[in-house]
Amino acid sequence: MRIGVLALQGAFHEHQVMLEHLGVDVVQVRLPADLEGLDGLILPGGESTTIGKLAVDFDLMDPLKAFAAEHALWGTCAGAIFMARKVGRPQPVLGLMDIVIERNAFGRQVASFETDLDVPALRHLNGGGKAYHAVFIRAPLIEAVQGTAEALATLPDGRIVAARQGRWLVTSFHPELTQDDRFHRYFLELVQSKFDR
Ligand SMILES: NC(=O)CC[C@H](N)C(=O)O
């Protein structure tokens, strides 16, 4: 399997390390040609306005949308914002997934937090029964899932922090910053699956 990690800005290296640990070939994507031959793509956390601006400057917007139409995609944090169809205040986004997302919904950098989540979608994986420890860094909130998008994880108060639509996955938090590789393994399952949206 060969997975791309959008490497314009943000935590792409950490995703690469996790994927390589799982025996996956990783390609850093900076130009449209880098998408060639990939089986899936991860959009990392970072600063969504910067990622969006660089994606426009590097003529990546249309190639990314075309790639997403055929492949699995996973956005973490800023990457999730970049995939959303609707963001609180307009900025360059791919506008793919039927979710409404609010940036920095939990407050400033100092309000970053970690918490355990119950994620039913991970239960079938090896080691899947235990709670998932999630790291939130100036995280966005998935305010609504629409169409065929569905929530995968919520905070105890019901706020949505992970969602899936066909082979598209978004998480408000950063699985690449923990030792727990279950979300990466779940994504690799989506890459290999033939889910329809
Ligand atoms: N950890 C992150 O990716 C933070 C996302 C950032 N606050 C944004 O709005 O783009």
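Not measured: the values here are computed from a predicted model.

Undergrad: What's the story with the pattern of salt bridges in this structure? I'm lost.
TA: Side chains that differ in sign of charge can pair as their charged atoms come close. With the rule as written, the count across this model stands at nine salt bridges. Across the salt bridge formed by Arg85 and Asp98, the nearest N and O atoms sit 2.5 Å from each other. Of the two residues, Arg85 is situated in strand 5 (residues 84–87) and Asp98 in strand 6 (residues 97–102); the sequence distance between them amounts to 13 residues. A salt bridge links Arg185 to Asp181, with the shortest nitrogen-to-oxygen separation between them at 2.9 Å. Given a relative accessible area of 23%, Arg185 falls into the partly exposed group. In the salt-bridge network here, residues are joined through shared partners; they are Glu47, Arg103 and Arg138.

Undergrad: Explain the UniProt feature "active site" (unreviewed entry) in the chain here, please?
TA: Summarizing the sequence annotation, UniProt attributes the feature "active site" (unreviewed entry) to Cys77, His174 and Glu176 in the numbering used throughout. Spanning 100 residues, the named residues form one tight spatial group whose C-alpha atoms are at most 11.0 Å apart. Position of Cys77 relative to the elements: it lies in the loop between strand 4 (72–76) and helix 4 (78–83). Owing to a relative accessible area of 4%, Cys77 belongs among the buried residues under this scheme. Dropping the residues within four chain positions of it, Cys77 is found in contact with Gly45, Ile137, Arg138, Ala139, Pro140, Thr171, Ser172, Phe173 and His174. Apart from residues no more than four positions distant in its own chain, Glu176 is found in contact with Ala11, Glu14, His15, Thr76 and His184.

Undergrad: In this structure, what is going on with the nonpolar core? I would like to understand it.
TA: For soluble globular proteins, the rule of thumb is that nonpolar side chains tend to be buried together. In terms of nonpolar packing, the biggest core is built from 35 residues, with Leu73, Phe82 and Ile99 touching the most fellow members. Ranked by residues supplied to this core, first place goes to helix 4 with five residues. Not counting the four nearest positions on each side in its chain, Leu73 is found in contact with Leu41, Leu43, Phe67, Ala68, Met83, Leu96, Arg167, Trp168, Leu169 and Phe187.

Undergrad: What is the right way to look at helix 3 (residues 61–70) in this model?
TA: For an α-helix, the turn length of 3.6 residues means that residues three or four places apart are oriented alike. Buried residues of helix 3: Met61, Leu64, Phe67 and Ala68, and no others. The arc that holds the buried residues of helix 3, viewed along the axis, is 130°, so those residues lie on one side. For helix 3, the exposed residues set more than 90 degrees away from the buried face come down to Asp62 and Glu70. Lining the buried residues of helix 3 we find strand 3 (40–43), helix 2 (48–57), strand 4, helix 4 and strand 12 (168–171).

Undergrad: What is the right way to look at the environment of Leu122 in this model?
TA: Position of Leu122 relative to the elements: it lies in the loop between strand 7 (113–117) and strand 8 (132–136). The sequence separation of Leu122 and Phe183 amounts to 61 residues, and the corresponding C-alpha distance is 7.4 Å. Look past the residues within four positions of Leu122 in its chain and what remains in contact with it is Gly128, Tyr132, Arg182, Phe183 and Tyr186.

Undergrad: Quick question: what am I supposed to make of the site of the ligand here?
TA: Around the ligand, a shell composed of Gly45, Gly46, Glu47, Ser48, Cys77, Ala78, Ile81, Arg103, Asn104, Ile137, Arg138 and His174 is seen. Separating an oxygen atom of the ligand from a backbone N or O atom of Ser48 is a distance of 2.7 Å. Taking Asn104, its side chain carries an N or O atom lying 2.6 Å from a nitrogen atom of the ligand. Notes on the ligand: free accessible area 300 Å², of which the protein chains cover 96%.

Undergrad: In this structure, what is going on with the packing of aromatic side chains? I would like to understand it.
TA: Geometrically, a pair of aromatic rings is defined through the distance of the ring centres and the angle of the planes. Enumeration over the complete set of coordinates arrives at ten aromatic pairs. Relative to Phe136, the ring of Phe113 lies with its centre 4.5 Å away and its plane at 5°, an arrangement referred to as stacked. On the criterion of sequence distance, the pair formed by Phe113 in strand 7 and Phe136 in strand 8 is long-range, its members being 23 residues apart. Residue class for Phe113 comes out partly exposed when judged on its relative accessible area of 25%. You can call Phe136 buried: its relative accessible area is 1%. Aromatic ring contacts, followed pair by pair, group Trp74, Phe106, Phe113, Tyr132, Phe136, Phe173, Phe183, Tyr186 and Phe187 into a single cluster.

Undergrad: Please clarify how the side chain of Thr171 should be interpreted in this entry.
TA: Along the chain, Thr171 turns up in strand 12. Engagement of the side chain of Thr171 in a polar contact is seen with the backbone oxygen of Phe173, the distance being 3.4 Å. Ignoring sequence-local partners within four residues, the contact set of Thr171 consists of Trp74, Gly75, Thr76, Cys77, Ala80, Val161, Ala162 and Phe183.

Thresholds, definitions, all that
- Position labels on residues start from 1 in each chain and follow its written sequence.
- In keeping with the model being predicted, local features are shown solely for residues with a pLDDT of at least 70 and side-chain atom pairs are shown and tallied solely at 80 or more, while totals for entire chains, interfaces and linings include all residues.
- Side-chain descriptors were evaluated using all non-hydrogen atoms of the structure, hydrogens and water having been removed beforehand.
- Put simply, a salt bridge is a Lys or Arg side-chain nitrogen that is within 4 Å of an Asp or Glu carboxyl oxygen.
- Helical segments are the DSSP runs of H or I of at least four residues, strand segments are the runs of E of at least two, and each set is numbered from the N terminus.
- Accessible area is worked out with a 1.4 Å probe on protein chains only. A residue is then buried under 20% of its type maximum, exposed over 50%, and partly exposed in between.
- UniProt positions are given in the numbering used here, feature names are shortened, and annotations may be inferred rather than shown by experiment.
- Between two residues, a contact is recorded if the distance between any of their heavy atoms is within 4.5 Å.
- In this text, buried Ala, Val, Leu, Ile, Met, Phe, Trp, Tyr and Cys residues form a nonpolar core when linked through side-chain atoms within 4.5 Å.
- In this context, the arc is that of the directions from the helix axis out to the C-beta atoms.
- Near residues are defined by distance, with any heavy atom within 4 Å of the molecule or strand qualifying the residue.
- Pairing of N or O atoms within 3.5 Å defines a polar contact, subject to two protein rules: one partner must be a possible hydrogen donor and the other a possible acceptor, and residues neighboring in sequence count only if both atoms are side-chain atoms.
- Only the protein chains shown count as covering a residue, and every accessible area follows the Shrake-Rupley method with a 1.4 Å probe.
- Stacked, tilted and edge-to-face are the three classes applied to pairs of Phe, Tyr and Trp rings, where Trp contributes its six-membered ring and a pair requires centres within 6.5 Å; stacked means planes under 30 degrees apart, edge-to-face means over 60, and tilted covers the rest.

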